[in-house]
Amino acid sequence: FPGWSVRSDGSIIIAMGNDDALGVYTCTPYNSYGTAGESRPTRVLLKDPPAFTVRPKEEYFQEVGRELVIPCMAHGDPPPAITWVKLGSAGKNGAQVDANSSLVFRPLVKEQHGVWECMASNQVAHISTATSVHVLGTSPHAVTNVSVLPLLLAANISWEPGFDGGYFQRFSVWYTPLVKHLPRAHRDWVSLSVPVGAQHLLVENLQPDMSYQFSVLAQNKLGSGPFSQIVTSVPRGKSFPLTTVPPEPPAMTMRIFLSPPQALTANETARGVLLQWEPPGQFSVALSGYALELRQDKGGWEVLDRSIPSTKTQILVPGLIKDAFYEFRLVAFAGSYISDPSNTVNVSTAGMEVYPSRTQLPELLPQPVLAGVIGGICFLSVAVIFSTVAACIMNRRRAARIQKRRQGRTQLDGC
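What counts, and where the lines are drawn
Residues numbered from 1 in each chain as written. Predicted model: local features only at pLDDT ≥ 70, side-chain atom pairs only at ≥ 80, totals over all residues. Heavy atoms only, no water. Salt bridge = Lys/Arg side-chain N within 4 Å of Asp/Glu carboxyl O. Helix = DSSP H or I, 4+ residues; strand = E, 2+ residues; numbered from the N terminus. Contact = heavy atoms within 4.5 Å. Pairing = 2+ DSSP bridges. Axes fitted to C-alpha atoms, helices over the stretch in contact; angles between N-to-C directions. Patch = residues over 30% accessible without salt bridge, like charges linked within 9 Å, V, L, I, M, F, W, Y side chains within 5 Å. Areas by Shrake-Rupley, 256 points an atom, 1.4 Å probe, with all protein chains shown as cover. Lys, Arg positive; Asp, Glu negative; His and termini not counted. Charge placed at Lys NZ, Arg CZ, Asp CG, Glu CD.

## Let's talk about the pattern of salt bridges
- Using the criterion set out here, one finds four salt bridges in the structure.
- For the salt bridge of Arg 106 with Glu 67, the shortest nitrogen-to-oxygen distance reads 2.4 Å. On the criterion of sequence distance, the pair formed by Arg 106 in the loop between β11 (103-105) and β12 (114-121) and Glu 67 in the loop between β6 (59-63) and β7 (68-70) is long-range, its members being 39 residues apart.
- Across the salt bridge formed by Glu 327 and Arg 295, the nearest N and O atoms sit 2.7 Å from each other.

Now the structure itself:
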């Protein structure tokens, strides 16, 4: 048959498996003295390798705590077995596989973020397909591929950001010298803020020929992620040239200093809560403004106002909900740089005469409550209009009946 061949070792090659290959085969070895007989018969059967009938999408985005179902189906002969694995992790991390071979997260947790692989296997072949699960509403994931380039009395740290949890994230670089007589728990770590959007930072003024440990921390409005792996490096010491030609001066690197706003306080007034603060103590570039963040009843941090002018040192927050607990904090902006948050002030409206006002910010009133209030007002308005129209119609009918009675009496009197 076309595509069939026999190797020198006696094996038969069938390039294309089809109905022509079905049947029972025997092999008969021989040489110049003859043969000892044929082998035991073997049967050739045709089976179908697995093939996906339903593939998962390339990416899935879902809020933490909710349910996520990812389908994956395949057919073959014999029917293939479907298995799911998370790449780079042992086990399913709490995920389940239902009767339809779908991957089920109930509920979805932060640790289930990553790449998942669906594999279909039978006696003929193994096939696989992958999908990425993005868990939203979490703190950031750890950065990866941290590298340190030793320089003259400095080090350049670079990394690859992890998933941001669905919110804007900022980074800080932490480092400490390795001192032999100090235990690890008592080392003082120094942190440096990283400019917004940057994935590297130059750490200067290091001691020559001393080992340093470096780590990177990611933060978003929900909190801090885990520290990256610790990388050890030794900056280069000063070297003296052998020639009298002066070396080229090193390029100047501008360091940006931007400390957080100071002394944030909160005071109750007749119109709301008055927040006051002092500008950052250190900043090497002109301030662009401030952003006010709050959270209610220990929930997640939300940005309340991101456009506070740099000349302001106070802001009035009206329309707080009664019998609630609030926390406020400020961050400062200087160009593309952002400071660490200021101190946090707590405000409790329990027992305070603070009610939702016309100037209340939408973020402070839950959407279901706002929808209920608007719906109630609309219903009352429709009811009032309907009652007014009904009263007018009744009054007109009553006036018409009275007029008819008067006309009837007038005709009787005329007779």
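On we go from here.
## Brief notes about the environment of Cys 118
- With respect to the secondary-structure elements, Cys 118 resides in strand β12.
- When sequence neighbours within four positions are dropped, the list of residues in contact with Cys 118 reads Phe 52, Cys 72, Ile 82, Thr 83, Trp 84, Ile 127, Ser 128 and Thr 129.

## Observations concerning the sheet that holds strand β26 (residues 314-317)
- Within the open sheet, the three strands sit side by side as β22-β23-β26. Their pairing is antiparallel. Where the open sheet ends on each side, the last strands, each with one partner, are β22 (262-269) and β26. When strand polarity is set aside, the average angle formed by the axes of neighbouring strands in this sheet is 20 degrees.
- As defined by bridge partners, strand β23 (residues 272-278) adjoins β26 across four bridges and the pair is classed as antiparallel. Bridging across to β26, Leu 275 finds its partner in Ile 315.

## Remarks on a positive patch on the surface
- There is a patch of like positive charges on the surface, built from Arg 397, Arg 398, Arg 401 and Arg 405.
- Following the sequence through the fold, Arg 398 ends up in helix α1 (residues 367-414).

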